[in-house]
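# Observations on the three-dimensional arrangement
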There are 2 protein chains.
Amino acid sequence: MVAALAALAEPHRQQILDLLLDGPRPVGDLVAALPVSQPAVSKHLRVLRDAGLVDVRVDAQRRLYSIRPEPLRAVDEWLAPYRRLWADRLDALERHLDRTAHTEGEPS
Amino acid sequence: MVAALAALAEPHRQQILDLLLDGPRPVGDLVAALPVSQPAVSKHLRVLRDAGLVDVRVDAQRRLYSIRPEPLRAVDEWLAPYRRLWADRLDALERHLDRTAHTEGEPS
DNA sequence: TGGTTATATTCCTTGACGGTTATATTGCCG
DNA sequence: CGGCAATATAACCGTCAAGGAATATAACCA
């Protein structure tokens, strides 16, 4: 689970996963969509695969990568106890008391 | 959001958050519970605070740290599209065995 | 077979991160 | 005030990750 989070904690890898949401894609497509070199993408894919987050299928010279959601489900389950925090405890109250400058990133 | 994930992708920081699930705690408690030095814990807390994941309240010489769940909610929301992947693809079996307390899964 | 395409791997450099020790800061109490 | 307790910051070190360039590998095609 920690491994999955570590893999996700890198913007380009997140971007790759987001691209794969539309279905399997060859490496070339990902390279075209990312601002880094092909070897860099290949290495990110390796990390994602080691974390169990993607799957590869060989298609001639291409390799089609697709999402393997299991580790994400583990993350989802890890979130469970925290979900209570914004579900029934704080929520509106938190937002109200909130004095810290939060320059939050936007979801996705 | 990426920032939050990066902060979570470190076992000791995850452990700190898990400890804070039981409520606010002074740094000393965390130091006692973790296998690293006090400065190390302080630095982790700094990272967590910068990521908006914890809040500090001053109590005499102590600082009480508590969870700020917003960034976790952002992660939760980021997970949403992926949740479909294990909801409607792989897990006819899982759904069958369903032991998880997911009250928010809507019937299709 | 040779060449071209698609992807992976190697090597190297650079920068960030986590850890420790030492020191600064701040508040309490005698 | 002096000293202790709790925490933060500074300075430094070793390791690791991300990036590019170059190269290897593998499959297709002429």
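A brief look at the structure comes next. It should be emphasised that the depicted structure is a prediction, and the values quoted were computed from it without experimental measurement.

## A short note on the protein's contact with DNA strand D
- With respect to spatial proximity, 23 residues lie near DNA strand D, and among them Arg13, Ser37 and His44 of chain A together with Ser42 and Tyr65 of chain B are the closest.
- Backbone sugar and phosphate groups make up 63% of those atoms of DNA strand D lying within 4 Å of the protein.
- For DNA strand D, a phosphate oxygen lies 2.7 Å from a polar atom in the side chain of serine 37 of chain A.
- Taking glycine 28 of chain B, its main chain carries an N or O atom lying 2.8 Å from a phosphate oxygen of DNA strand D.
- Residue assignment for the surface near DNA strand D shows that the elements contributing at least two residues are helix H2 (11-20) and helix H4 (38-50) of chain A together with helix H3 (27-33), helix H4 (38-50) and strand S3 (62-67) of chain B.
- For the surface near DNA strand D, the leading source of residues is H4 of chain B, giving five residues.

## Notes on the sheet that holds strand S1 (residues 25-26) of chain B
Residues and elements named next belong to chain B.
- The three strands are arranged S1-S3-S2 in an open sheet whose pairing can be described as antiparallel. The open sheet has two free edges, formed respectively by S1 and strand S2 (54-59), since each of these has just one partner strand.
- Pairing of S2 with S3, which is carried by six bridges, proceeds in the antiparallel orientation. When the sheet's bridge partners are listed, valine 56 is paired in S3 with tyrosine 65.

## Quick notes on unusual backbone geometry
Residues and elements named next belong to chain A.
- The backbone of alanine 60 sits at a positive phi, close to 55 degrees, despite the residue not being glycine.
- By the secondary structure assignment, alanine 60 is in the loop between strand S2 (54-59) and strand S3 (62-67).
- Residue classification places alanine 60 among the exposed residues on the basis of a relative accessible area of 63%.

## What about the sheet that holds S2 of chain A?
All names here are of chain A.
- On the basis of which strands lie adjacent, the open sheet formed by three strands has the order S1-S3-S2 and antiparallel pairing. Across the chains shown, the open sheet's two edge strands, defined by having one partner strand only, are strand S1 (25-26) and S2.
- Relative to S3, S1 runs antiparallel, the two being bridged by two bridges. Along S3, the bridge assignment pairs proline 26 with leucine 64.
- Sitting on the sheet, H2 is in contact with S1, S2 and S3, with an inclination near 90 degrees to S3.
- Helix-sheet contacts for H4 involve S2 and S3, and the interaxial angle to S2 is about 120 degrees.

Calculation criteria
- Residues numbered from 1 in each chain as written.
- Chains lettered and ligands numbered in written order.
- Predicted model: local features only at pLDDT ≥ 70, side-chain atom pairs only at ≥ 80, totals over all residues.
- Heavy atoms only, no water.
- Near = heavy atom within 4 Å.
- Polar contact = N/O pair within 3.5 Å; in protein donor to acceptor, adjacent residues only side chain to side chain.
- Helix = DSSP H or I, 4+ residues; strand = E, 2+ residues; numbered from the N terminus.
- Pairing = 2+ DSSP bridges.
- Buried < 20%, exposed > 50% of the residue type's maximum accessible area, 1.4 Å probe, protein only.
- Contact = heavy atoms within 4.5 Å.
- Axes fitted to C-alpha atoms, helices over the stretch in contact; angles between N-to-C directions.

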